Amino acid sequence: MPWADLRLDVPNDRSGESIVAFVECVLVELTHEDVGAEYRSSNVFGATIDQYIATDATGQQFRERRYDERLGWFEDRISRDEVREKLVWRLSRSASLARNRSHSDPVDAPDMFSVKPTHQLWSRSASGC
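Everything numeric in this text was worked out from a predicted model, so none of it was measured.

Participant: Before we move on, could you go through the overall build of the protein chain and cite the residues and values that matter?
Facilitator: For the protein chain, the count of helices and strands is three helices and six strands. Each helix (α) and strand (β) of the protein chain, taken in turn from the N terminus, gives the series β-α-β-β-β-β-α-β-α. Within the span of the protein chain, comprising 129 residues, buried residues form 40% of the whole. Long-range pairs, those at least 24 residues apart, make up 56% of the contacts in the protein chain between residues at least 6 apart in sequence. Only carbon and sulfur atoms are counted for the fraction: they give 50% of the accessible area of the protein chain, which is about 6900 Å².

Written as structure tokens, this is what we have:
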């Protein structure tokens, strides 16, 4: 499946144009396949997960699900443009949020973005992470 290779660690060495093209490819897959996008980050405060799933056939509206280890899950509806903007911003970062050195015990694992079947995303909601 074409979306199986849509995975990217942050930070990465991709150019700005490459990130934009990657995000556009992801948005097409989210609209035409039963898949969702997931961005995972860990920091000294715990794990965060952001998930994006298209909610209409035209791919103009998305469900954004966010998990914060301290606060739990919450959902919102956002536009395709908002998803694009958030993903480009996150995937373009020169440093992972996990590598925040302002705390005595920094997390060394990179942030990770991937595309997964929707049922895999939903199955995680019951267990938190």
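Participant: Explain helix 2 (residues 80-91) residue by residue, including any values.
Facilitator: For helix 2, spanning 12 residues, the distance from its first C-alpha to its last is 16 Å, which sits close to the expected 16 Å at 1.5 Å a residue. Considered for burial, the residues of helix 2 that qualify are R80, V83, L87, R90 and L91. Along helix 2, the residues classed as buried sweep out an arc of 105° about the axis, all on the same side. Exposed side of helix 2, more than 90 degrees from the buried face: E85 and W89 are the residues found there.

Participant: I'd like a description of the nonpolar core, backed by residues and values.
Facilitator: Of all hydrophobic cores here, the largest spans 21 residues; its most connected members are V26, L91 and F113. Counting only elements with at least two residues in this core, the list comes to strand 1 (7-10), helix 1 (16-32), strand 2 (35-43), helix 2 and strand 6 (111-117). Apart from the residues lying within four places of it in its own chain, the contact partners of F113 are L6, R7, L8, F22, V26, A37, E38, Y39, L87 and L91.

Participant: Any chance you could break down the pattern of salt bridges for me, citing the residues and the numbers?
Facilitator: Scanning the entire structure with this criterion turns up 10 salt bridges. One salt-bridge network, in which partners are shared between bridges, spans E24, D81 and R84.

What counts, and where the lines are drawn
Residues numbered from 1 in each chain as written. Predicted model: local features only at pLDDT ≥ 70, side-chain atom pairs only at ≥ 80, totals over all residues. Heavy atoms only, no water. Helix = DSSP H or I, 4+ residues; strand = E, 2+ residues; numbered from the N terminus. Buried < 20%, exposed > 50% of the residue type's maximum accessible area, 1.4 Å probe, protein only. Contact = heavy atoms within 4.5 Å. Areas by Shrake-Rupley, 256 points an atom, 1.4 Å probe, with all protein chains shown as cover. Expected span 1.5 Å × (residues − 1). Arc of directions from axis to C-beta. Core = buried A, V, L, I, M, F, W, Y, C linked by side-chain atoms within 4.5 Å. Salt bridge = Lys/Arg side-chain N within 4 Å of Asp/Glu carboxyl O.

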